[in-house]
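This is what each chain is made of:
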2 protein chains.
Amino acid sequence: MPDPTYPNLLIRINLTADVLLGPGKADLLQGIAETGSISAAGRRMGMSYKRAWYLVDTMNGYFPEPLVVSSKGGRTGGGASLTATGRAALDCYRRIQKKAEAAIQAEIAHLAGVGKGVSK
Amino acid sequence: MPDPTYPNLLIRINLTADVLLGPGKADLLQGIAETGSISAAGRRMGMSYKRAWYLVDTMNGYFPEPLVVSSKGGRTGGGASLTATGRAALDCYRRIQKKAEAAIQAEIAHLAGVGKGVSK
């Protein structure tokens, strides 16, 4: 992933007090879609399989249908993929990120200039 | 503070890789403005003075002028207040929160309905 530019925005949606959807889980869902594997998606984020599976499980528990389904074993060692619900949740998070960024771009620039004689 | 309603939105602005402005620091700044004291502001958030001071110091280091100034000792035991820069940063964060929330309200409702037959 490219180095981030600053200032930038982190958006986290608290679905409940215990279930959060933020950039980490969104990237994990995207990784699962791209790699077809929870462990591979976790690995490229420097995350253990246990951690990645836990995050997926947390999200699966919130929505009426799981976001990720996985199959164990077999000759290919199993795999994982996003359900339609998982794809919808990921797409929605990406839209939220974009819309929020667009809405506050000017304010972020303002904040970065606070105290620099640009604006007070 | 009232109990939060869900789903809700957490916004954090990464000013640099090391300096973040999120709801905790915003509430701390507001607490300092309201109580005139870093320790009292920290205390009402369940935070040690050391922690509250550290957070203030981190922010002060990013902006060209400090956000908070404090006076030690004296008969009243000293106090702290927001500078014009501190007030501007806090106001800007609150505007960011409001504008982002307004921009994505519909998407948040959509996300909460994902998988419920409302939207996919």
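Because the structure is a prediction, the values reported are computed rather than measured.

(A) Main features of the overall build of chain A. Helix and strand counts for chain A come out as 4 helices and 4 strands. A globule of 120 residues ought to have a C-alpha radius of gyration of about 14 Å, yet chain A, at 18 Å, is considerably larger. Overall, the C-alpha framework of chain A stretches about 65 × 30 × 20 Å when taken along its three principal axes. Expressed as a percentage of its 120 residues, the buried residues of chain A come to 45%. Within chain A, contacts between residues at least 6 apart in sequence are counted, and of these 47% link residues at least 24 apart. In the structure as shown, chain A presents an accessible area of about 6400 Å², 53% of it carried by carbon and sulfur atoms. Distance from the positive charge centre (15 side chains) to the negative charge centre (9 side chains) of chain A: 4 Å.

(B) Expanded view of the interface of chain A and chain B. Listed per partner, the contact involves 37 residues of chain A and 37 residues of chain B. The contact between chain A and chain B buries some 3400 Å² in all, and 68% of this surface belongs to carbon and sulfur atoms. When residues of chain A are sorted by the area they lose upon contact with chain B, Leu10(A), Glu107(A) and Leu111(A) head the list and together hold 18% of the total. Among the ionic pairs, Glu107(B) bridges to Lys99(A), the shortest N-O distance being 2.8 Å. The interface formed by chain A and chain B holds 9 residue pairs in polar contact (both at pLDDT 80 or more) in total. Among the elements of the structure, strand E1 (8-14) and helix H4 (84-113) of chain A are those that each provide at least two residues to the side of chain A that touches chain B. Counting residues per element, the side of chain A that touches chain B draws most heavily on H4(A), at 16 residues. For the side of chain A that touches chain B, the per-class residue count stands at 24 nonpolar, 6 polar and 7 charged. Across 7 bridges, the pairing between E1(A) and strand E1 (residues 8-14) of chain B is antiparallel. Across the sheet, the residue bridging to Arg12(A) is Leu10(B), located in E1(B).

(C) Structural view of the packing of helix H1 (residues 23-35) of chain B against helix H3 (residues 49-62) of chain B. Residues and elements named next belong to chain B. H3 packs onto H1 with a crossing angle of 100 degrees between their chain directions and a minimal axis gap of 11 Å. Between H1 and H3, the angle falls in the class roughly perpendicular. Here H1 contributes Lys25, Leu28, Leu29 and Ile32 to the contact with H3, which in turn contributes Ala52, Leu55, Val56, Thr58 and Met59. The residue makeup of the contact of H1 with H3, split by class, is 7 nonpolar, 1 polar and 1 charged.

(D) Structural context of the relation of the copies chain A and chain B. It takes a turn of 180 degrees to lay chain A on chain B, together with a shift of 0.0 Å along the axis; the resulting RMSD is 0.0 Å. This pairing of chains is accounted for by a two-fold axis.

(E) Summary view of H3(B). The end-to-end C-alpha distance of H3(B), which contains 14 residues, comes to 20 Å, matching closely the 20 Å that a straight helix rising 1.5 Å per residue would cover. Where H3(B) is concerned, the buried positions are Ala52(B), Leu55(B), Val56(B), Thr58(B), Met59(B), Asn60(B) and Tyr62(B). In this structure, the buried side of H3(B) is in contact with H4 of chain A together with strand E2 (20-21), H1, helix H2 (38-43) and strand E3 (68-72) of chain B.

(F) Just the side chain of Gln97(B), in detail. Inspection of the secondary structure assignment puts Gln97(B) in helix H4 (residues 84-113). What makes Gln97(B) buried here is its relative accessible area of 16%.

(G) Spotlight on the packing of aromatic side chains. As enumerated under the stated definition, the model contains 2 aromatic pairs over all chains in all. With centroids separated by 4.8 Å and ring planes inclined at 90 degrees, the aromatic side chains of Tyr62(A) and Phe63(A) adopt a geometry described as edge-to-face.

(H) Looking closely at the pairing of E1(B). All names here are of chain B. Among the 7 residues in E1, 6 count as buried, and that is most of the element. For E1 and E2, the ladder comprises 2 bridges, and the chain directions are antiparallel. Considered in E2, the bridge of Ile13 is made with Leu21.

Conventions used here
Residues numbered from 1 in each chain as written. Chains lettered and ligands numbered in written order. Predicted model: local features only at pLDDT ≥ 70, side-chain atom pairs only at ≥ 80, totals over all residues. Heavy atoms only, no water. Helix = DSSP H or I, 4+ residues; strand = E, 2+ residues; numbered from the N terminus. Rg over C-alpha atoms; globule rule 2.2 N^0.38 Å. Buried < 20%, exposed > 50% of the residue type's maximum accessible area, 1.4 Å probe, protein only. Contact = heavy atoms within 4.5 Å. Areas by Shrake-Rupley, 256 points an atom, 1.4 Å probe, with all protein chains shown as cover. Lys, Arg positive; Asp, Glu negative; His and termini not counted. Charge placed at Lys NZ, Arg CZ, Asp CG, Glu CD. Buried area = accessible area lost by both parts, 1.4 Å probe. Salt bridge = Lys/Arg side-chain N within 4 Å of Asp/Glu carboxyl O. Polar contact = N/O pair within 3.5 Å; in protein donor to acceptor, adjacent residues only side chain to side chain. Nonpolar A, V, L, I, M, F, W, Y, C, P; charged D, E, K, R; others polar. Pairing = 2+ DSSP bridges. Axes fitted to C-alpha atoms, helices over the stretch in contact; angles between N-to-C directions. Parallel < 35°, antiparallel > 145°, perpendicular 65-115°, else oblique. Least-squares fit on C-alpha atoms with pLDDT ≥ 70 in both. Expected span 1.5 Å × (residues − 1). Phe/Tyr/Trp six-rings, centres within 6.5 Å; stacked < 30°, edge-to-face > 60°.

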